[in-house]
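# A structural walkthrough
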Amino acid sequence: MGLLSFIFLLVICLLQGSNTSLVRLNDNGYEGIIFAIDPRVPEDEKIIEQIKDMVTTASIYLFEATEKRFFFKNVSILIPNNWKENPLYKRPKHESYKHADVLVAPPTLPGRDEPYTRQFTACEEKGEYIHFTPDFVLGKKEKEYGPSDRLFVHEWAHLRWGVFDEYNEDAPFYSAKSKKIEATRCSTGITGLNRVHKCQGNSCTTRGCRIDSKTKLYEKDCQFFPDKDQTEKASIMFMQGINSVVEFCNKENHNREAPSIQNKLCNFRSTWEVISNSEDFKNTTSLVAPPPPPVFSLLKIRERIVCLVLDKSGSMNGFNRLNRMNQAAKHFLLQTIENGSWVGMVHFDSTAYIKSNLIQIISSKERNNLLESLPTTANGGTSICAGIKSAFQVIGEIYPQIDGSEIVLLTDGEDNTAKNCIGEVKQSGAIIHLIALGPSADQAVIEMSTITGGNHFFASDEAQNNGLIDAFGALASGNTDLSQQPLQLESKGLILNSNTWMNGTVIIDSTVGKDTFFLITWTIREPIISLWDPNGIPMRNFTVDTVSKMAYLRIPGTAKVGVWTYSLQAKANSETLTMTVNSQAANSSVPPITVNAKMNKDTNSFPSPMIVYAEVLQGYVPILGANVTAFIESNNGKIEVLELLDNGAGADSFKNDGVYSRYFISYSENGRYNLKVRAQGGVNVAARYLRHPLNRASYIPGWVVDGKIEGNPPRAEIDEDTQTPLESFTRTASGGAFVISNVSTLPLPDLYPPSQITDLEATPVGDEINLTWTAPGDNFDVGKVQQYIIRISDNILDLRDNFDNALQVNTTDLLPNEANSKETFAFKPGNISEENATHIFIAIQSVDKSNLTSKLSNIAQVALFIPQTESDPDESHPNSGISVSSLVLLVVGSVAIISIILGAIICIVNKKKNSRRPRTGF
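Scope of this entry: the structure provided in the associated data block.

About the cut-offs
- Residues numbered from 1 in each chain as written.
- Predicted model: local features only at pLDDT ≥ 70, side-chain atom pairs only at ≥ 80, totals over all residues.
- Heavy atoms only, no water.
- Pairing = 2+ DSSP bridges.
- Helix = DSSP H or I, 4+ residues; strand = E, 2+ residues; numbered from the N terminus.
- Axes fitted to C-alpha atoms, helices over the stretch in contact; angles between N-to-C directions.
- 1 Å grid on protein atoms, 1.4 Å probe; cavity = no way out; pocket = protein on both sides within 12 Å on 5 of 7 lines; lining within 4 Å.
- Points joined across faces, edges and corners; volume = space filled by probe spheres on them.
- Nonpolar A, V, L, I, M, F, W, Y, C, P; charged D, E, K, R; others polar.
- Buried < 20%, exposed > 50% of the residue type's maximum accessible area, 1.4 Å probe, protein only.
- Lys, Arg positive; Asp, Glu negative; His and termini not counted.
- Salt bridge = Lys/Arg side-chain N within 4 Å of Asp/Glu carboxyl O.
- Contact = heavy atoms within 4.5 Å.
- Expected span 1.5 Å × (residues − 1).
- Phe/Tyr/Trp six-rings, centres within 6.5 Å; stacked < 30°, edge-to-face > 60°.
- Lys NZ or Arg CZ within 6 Å of the ring centre and 35° of its normal.
- Polar contact = N/O pair within 3.5 Å; in protein donor to acceptor, adjacent residues only side chain to side chain.

### Quick word on the sheet that holds strand β24 (residues 528–532)
Across the sheet, three strands lie side by side as β22-β27-β24; this open sheet has antiparallel pairing. The open sheet terminates on both sides in strands that have one partner only, identified here as β22 (501–508) and β24. For this sheet the average axis-to-axis angle between neighbouring strands, irrespective of direction, equals 15°. One ladder, built from five bridges, connects β24 with strand β27 (residues 562–569); its direction is antiparallel. The residue bridging Trp 532 from the neighbouring strand is Thr 565, located in β27.

### A closer look at empty space enclosed by the protein
Counted by the stated rule, this structure contains five cavities of 30 Å³ or more. Within this model, the largest cavity holds a volume of roughly 110 Å³. Within the residue set of the lining of the largest cavity, elements represented by two or more residues are α10 (321–336), α15 (467–473) and β28 (575–585). Looking at the lining of the largest cavity element by element, the count peaks at three residues for α15. Among the residues forming the lining of the largest cavity, the class breakdown is four nonpolar, eight polar and one charged.

### Some details on the side chain of Asp 165
In this fold, Asp 165 is placed in the loop between α5 (148–161) and β9 (173–175). For the buried Asp 165, which has no salt bridge, the nearest side chain bearing the opposite charge is Arg 696, at an N-O separation of 7.0 Å. Residue contacts for Asp 165: discarding those within four places in its chain leaves His 154, His 158, Met 237, Ser 260, Ile 261, Gln 262, Asn 695 and Arg 696.

### So, helix α12 (residues 384–396)
Counted at 1.5 Å a residue, the expected span for α12 with its 13 residues is 18 Å, and the 18 Å between its end C-alpha atoms agrees. All of the buried residues along α12 are Ile 384, Cys 385, Gly 387, Ile 388, Ser 390, Ala 391, Phe 392, Val 394 and Ile 395. The secondary structure elements touched by the buried residues of α12 are β15 (305–311), β16 (342–348), β17 (352–360), β18 (406–411), α13 (422–428) and α14 (445–451).

### Topic: the side chain of Ser 728
Mapped onto the fold, Ser 728 is located in the loop between β40 (723–725) and β41 (729–741). If we skip the residues at most four places from it in the chain, Ser 728 touches Ile 507, Asp 509, Gly 681, Gly 682 and Val 683.

### Remarks on the packing of aromatic side chains
If you walk through the whole model with that rule in mind, you get 32 aromatic pairs. Between Phe 164 and Phe 654 the ring centres are 5.9 Å apart and the planes differ by 55°, which places this aromatic pair in the tilted class. Of the two residues, Phe 164 sits in the loop between α5 and β9 while Phe 654 sits in the loop between β34 (639–644) and β35 (659–664), which places them 490 residues apart along the sequence. In this structure, Phe 164 and Phe 654 share a single accessibility class: buried. With a centroid separation of 5.7 Å and an interplanar angle of 40°, the aromatic rings of Phe 518 and Trp 564 are classed as tilted. With a gap of 46 residues between them, Phe 518 in strand β23 (residues 512–521) and Trp 564 in strand β27 connect regions that are remote in the sequence. Exposure remark for Trp 564: the relative accessible area of 2% places this residue in the buried category. Put simply, the rings of Tyr 30, Phe 35, Phe 70, Phe 72, Phe 132, Phe 136, Phe 152, Trp 156, Trp 161, Phe 248, Trp 272 and Phe 281 pair up and form one aromatic cluster. Between Arg 91 and the ring centre of Tyr 399, over which it is positioned, the NZ or CZ distance is 5.4 Å.

### Let's talk about the sheet that holds β41
Strand order in the open sheet formed by five strands is β30-β41-β36-β33-β34, with mixed pairing between adjacent strands. Only two strands of the sheet have a single partner each, and these edge strands are β30 (603–605) and β34. Here the average twist between neighbouring strands, direction ignored, is 30°. Examined bridge by bridge, strand β33 (residues 627–633) and strand β36 (residues 671–681) share seven bridges and lie antiparallel to one another. Bridging from a neighbouring strand, Phe 631 pairs with Lys 676 of β36.

### Observations concerning helix α2 (residues 45–65)
Between its first and last C-alpha atoms α2 spans 30 Å; for 21 residues at 1.5 Å apiece the expected length is 30 Å, and the two agree. Where α2 is concerned, the buried positions are Ile 47, Ile 48, Ile 51, Met 54, Val 55, Ala 58, Ser 59, Tyr 61, Leu 62, Phe 63 and Ala 65. The opening residue of α2, the one whose side-chain oxygen lies 2.9 Å from the backbone nitrogen of Lys 46, is Asp 44.

Pasting the structure below:
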């Protein structure tokens, strides 16, 4: 087709971003918001009504909080397929669980009802989704988390504008300039008491907080209890449950001292400063009239309707494309598509051919009938629109309204007329999934998949990379219970010479094993296939399809847990063999381990860096300690391998959140790239992390009323560091395709500086300050930097805004380590007097061999004083009476102390005073 026209490039650029939300801002109102009720939630129509009430009230609160700028205009509520029918429930169009903005789902662990936003990207970048539990939506957790409508606005700010919490449960207190210990909050106008409040049964005790000898802050059990009656209006990102709070912290009242997550990740900017910098804010003005109430649509998930639209044009004869397409399509029809689904098939070249009307898959009979409809020859031109219109016809014969139906379009060709049916596609309500095969697949169809909420995959002509089978395998329905979805355990391939072997193992862990499916493909001659279960018993009875050059075996029942071993012996030179293994959850009540992969953008222009993300979870619980590897395949099949890390450094925003990340900058050419991720966990190496989720709503421990604490129900107790060891497992997943442009073929200078240090920590030890951080690389997170520049100041904003003028620390002896190593350095602060400053603030810049400098690190701080504790007039203990003997001893001791003090005063008066000198250090 030649180069894509400017108009299509512009549209694609405007649509870029891998966040799957369909929300759009129209005349100050948010449209397309999706609340999705998880299939595991027991049917309760009160949930639907409570969602409506929550959003309606939240819309007014949001409108006022954003200076009459934003409100919720329309909301879709996705209702699970296993709930009863209701004439009010309509069929979804593009709405699906994949695009959900709010999930109403069971808690991460029993009793853990804290609302949270899944957010693992940088400041100002959108989050993934909000998670509310049914009990929270039903209003059963209002005491602990405040009114649901206000909390929804708090979480919406996370999700939409990429702001963070103005509290920090890992650092709930800090040493303030006032030389007092303050609760981490914004604004400091929020009043309350710091207390240890313990209850056992109906008996509660309250006492003042003691200072921890190591941290010089309050002890672990100390909590901040806000006053019930307040006048302070900010901030929603601290504790929106306080009645007076109706605003976000702004530049004037923002607490930059506090070690909040907002300060750390957003460079000490207030939440309102971040929101004001958003595209939403820039593209709107305040309204005069109040907003209308939200409009709600009730949508019920129905049986799946899929039409395969397969390219059989002449170019499909090259590179074994036709047969590879058939292998992948057969795997989809045999294993991926769910029972109960309706499936049809269309072939196209310069015209289109309906090969199968919709058939509902009930058993293997229907699947085998569809296998017979796959194309056997390839010739002619390419008419993508003809294929899509025929698919509309196939679907429309049974479902006149084709809303929510799916078209899986596979093409390898260029078609100048493809853009002509984009309008019809957009209006149809159908979802277009694009599988682009080879370097010349039409670019215009990317827009079709984007505007309809579909997936976009790319497979090169390098068959050993298994891209086509991976793409079709990733098209399992996201609208069913996770326990019913096929998961890919293995996907690999090799090019071999005759009589050489492809050997490997596949781990079946205890969370999977149902409907396990082994698929082997070849390109020339059938190999010798050997497969043994964990007990060493050989597996026979592979079904061999000599026409499509594939063999497959379905393990009946639940496959044995353990290591399965395979050996494939090639019987021809330059033979390409692939092995793919899928399985489902072994038990519907035990969530399987999953991996999901994505890039931070769908389109990008060189030399801007990209970020790879892979999320490894069991249910909603993060998996730590996995070995996660990304394979990024370029347009012509070249693969770049990246080890992904969950270390809270470089591209990884949060440590130990189950999201493994890395920068990608190795662009070899323009065009499509494909992402594939492999996650592997060893015995007792990987672990479930049972900590409370990040970016969760602030738990309100209680209120101060008339000077007394009224406690709320305690939060579910759990050891914050508890990790449950896991057995061995393997997973692979496709992260879809992305497009790169403007890659230069000319030699270029060093374009990439070291990545920003984001985990700098400072600890006072004697008269020194110890620093630790994760080493960046010469090019973001690869290689080794040339040097570190460390500077200190007694003013946090001066250090941030005038780093080059701050006092520099001597780092002559500091030799940088390789990227992602742990760095340590100790220094004596010097030149900053305790009398002139309350804190030392420290920051680092890295410099590479080309003299490129990184962004300024997060700013660490050390207090230069021992903080004062607050008075505790109400301290109370059980059995706190004092004996007479104790009272006598107290009086005698007091007299002795007074005598000593008087003597000291007389001594001082009689001596000549020495001039006082400033002290340095601690």
